[in-house]
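Fold and geometry: a report
One letter stands for each residue in the lines below.
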Amino acid sequence: MGDKSKLQKPRFELPIAAAAAAAAAAAAATAAATGNDCRSVTTGLQPQLSCLSSMPAVGKLKLPSPSDSDASATADSAASPNVERDFSVDDLEDLGEIGRGAFGTVNSMRYIPTGIPLAVKRIRSTVDERTQKNMLAELSIVVNCDCEFIAKSYGALFKEGDCWICMELMDTSLDKLYRVVYHHLMTHIPEPVIASIAYCTVSALNYLKEHLKMMHRDVKPSNILADRSGQVKLCDFGIAGNLVDSIAKTRDAGCRPYMAPERIDHQRMQDGYDVRSDIWSLGISLYELCTGRFPYKQWSTMFEQLEQVVKSDPPRLTDERFSANAHNFVNFCLTKDVQRRPKYRALLQHSFLTSGPDRGASASFFDFVLTSCVPEGGAAGGINELVSALRI
Ligand SMILES: Nc1ncnc2c1ncn2[C@@H]1O[C@H](COP(=O)(O)OP(=O)(O)OP(=O)(O)O)[C@@H](O)[C@H]1O
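Heads up: these notes are all about the structure in this document.

What counts as what
Residues numbered from 1 in each chain as written. Predicted model: local features only at pLDDT ≥ 70, side-chain atom pairs only at ≥ 80, totals over all residues. Heavy atoms only, no water. Near = heavy atom within 4 Å. Polar contact = N/O pair within 3.5 Å; in protein donor to acceptor, adjacent residues only side chain to side chain. Areas by Shrake-Rupley, 256 points an atom, 1.4 Å probe, with all protein chains shown as cover. Helix = DSSP H or I, 4+ residues; strand = E, 2+ residues; numbered from the N terminus. Pairing = 2+ DSSP bridges. Contact = heavy atoms within 4.5 Å. Axes fitted to C-alpha atoms, helices over the stretch in contact; angles between N-to-C directions. Salt bridge = Lys/Arg side-chain N within 4 Å of Asp/Glu carboxyl O. Buried < 20%, exposed > 50% of the residue type's maximum accessible area, 1.4 Å probe, protein only. Phe/Tyr/Trp six-rings, centres within 6.5 Å; stacked < 30°, edge-to-face > 60°. Lys NZ or Arg CZ within 6 Å of the ring centre and 35° of its normal.

Here we come to the site of the ligand. Within the structure, the ligand sits among 23 residues, and A102, K121, E168, S173 and K220 are positioned closest to it. At a separation of 3.3 Å, an oxygen atom of the ligand approaches a polar side-chain atom of D236. For the ligand, whose unbound accessible area comes to 600 Å², protein coverage reaches 94%. Only β3 (92–101), β5 (116–123), β7 (162–168) and α5 (174–183) provide two or more residues apiece to the shell around the ligand.

In structure tokens form, the structure reads like this:
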């Protein structure tokens, strides 16, 4: 492989470093021109991070046209599609929390000037300055990323040191969806839907590798989003790399190690890890989506939890509700020896994926699940409330 040496680096920092350098250079030029270090915040994703706390809460958003994203949006004649524009928190109407992760909360919001719905992830300011700097540099790349299987990032702003990341709003994530399916509806996700999810996720990961020379590093069901129209999109890759590369993150994520053995056991990691570590995490995620349960036992300490991944045999999908072809695909991803684990090309050629995404089957299944979460009488709450009530 021509690009093997680049991809085998433990972190995929080449394009990121270049973007960070460009951001720093742009910021320095602005500072030199204006004599004001903080002024560069108005360039959106290129702020002077040393003055985060005193930054005005202004950023740049690059949004689709209202008709592309929401039929109910109120068109604004001044708002042309895909044009970058300044925005502040005053332009956002908060419609409530839709999720909570290790690093902050995700809220549903409306961009008032055009009515476009957004998911806004607010990262706590405890993330250190260097991480924020890398995060902004990565975001400037992902805002321009164009893949139908990756949730769009629209831009970001800072408010009192916290970073607000604006993304495409989807209906739910697969961790919530599968909990409702297996623990409330007492059924399973149909195989064509699993195959479609696998196809979309592998295509998204392959796009990251081919176009951005990045790997995701945090593939798991909560980072795969879905909507009623049958779309499946990977999210969180831009900032994921900076935030997850620690055991602490795995612990925060609820003691569920999606990390490949070679990422946990650094002594095995002779040449650094590569995209195949994401493929392991995909295998763990698909196992969970097929069975409704995480493949490893819960141990009392993180050390035991991780040791199990390194020392035990890999999980094997044998669930009779799925075909031998499905078993073969998931178990292929869960090849413990990284050198024998497939890469994206082999996965995309696997017979489990050759029919591509099945939007029809996914749409009717996701719609069925989401509708089942709305109580009779139609009171709000939906999947988020049901999942917290399930306590699983
Ligand atoms: N763009 C989005 N559209 C709809 N829901 C979203 C979106 N982004 C995130 N969510 C919801 O918010 C939840 C929290 O997301 P977040 O990325 O903060 O944490 P996480 O992925 O669950 O966990 P961790 O912090 O360990 O990565 C997700 O599980 C998902 O249900």
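Here the focus is the sheet that holds strand β9 (residues 224–226). The antiparallel open sheet is built from three strands, whose spatial order is β8-β9-β10. Unpaired on one side and paired on the other, β8 (172–173) and β10 (232–234) mark the two borders of the sheet. Relative to β10, β9 runs antiparallel, the two being bridged by three bridges. Opposite I224, over in β10, you have L234 as the bridge partner. Running over the sheet, helix α6 (residues 191–212) touches β9 and β10 and is turned about 35 degrees from β10.

Below, the discussion takes up the pattern of salt bridges. Taken as a whole, this structure holds 13 salt bridges when the rule is applied. Close ionic contact of R276 with D274 constitutes a salt bridge, the shortest N to O distance being 2.9 Å. On the basis of relative accessible area, D274 is assigned to the buried category, the value being 5%. Here K311 and E307 are joined by a salt bridge, their closest N and O atoms 3.0 Å apart. Here K311 pairs with E307, and both are found in helix α11 (residues 302–311), just four residues apart, close to one helical turn.

Next up on the list: the packing of aromatic side chains. With the rule as written, the count across this model stands at six aromatic pairs. When the centroid spacing of 6.3 Å and the interplanar angle of 70 degrees are considered together, the rings of Y178 and Y182 count as edge-to-face. Here Y178 pairs with Y182, and both are found in helix α5, just four residues apart, close to one helical turn. With respect to burial, Y178 and Y182 carry one shared label: buried. Ring geometry for Y258 and F294: centres 5.2 Å apart, planes at 75 degrees, overall edge-to-face. Taken together, the residues Y258 in the loop between α8 (247–252) and α9 (261–264) and F294 in the loop between α10 (275–291) and α11 connect sequence positions 36 residues apart. Comparing Y258 with F294 shows no difference in burial state: the two are buried. Ring pairing ties together the aromatic residues Y258, F294 and Y296, which thus form one cluster. Over the face of the ring belonging to W164 we find R122, whose NZ or CZ atom lies 5.0 Å from the ring centre.

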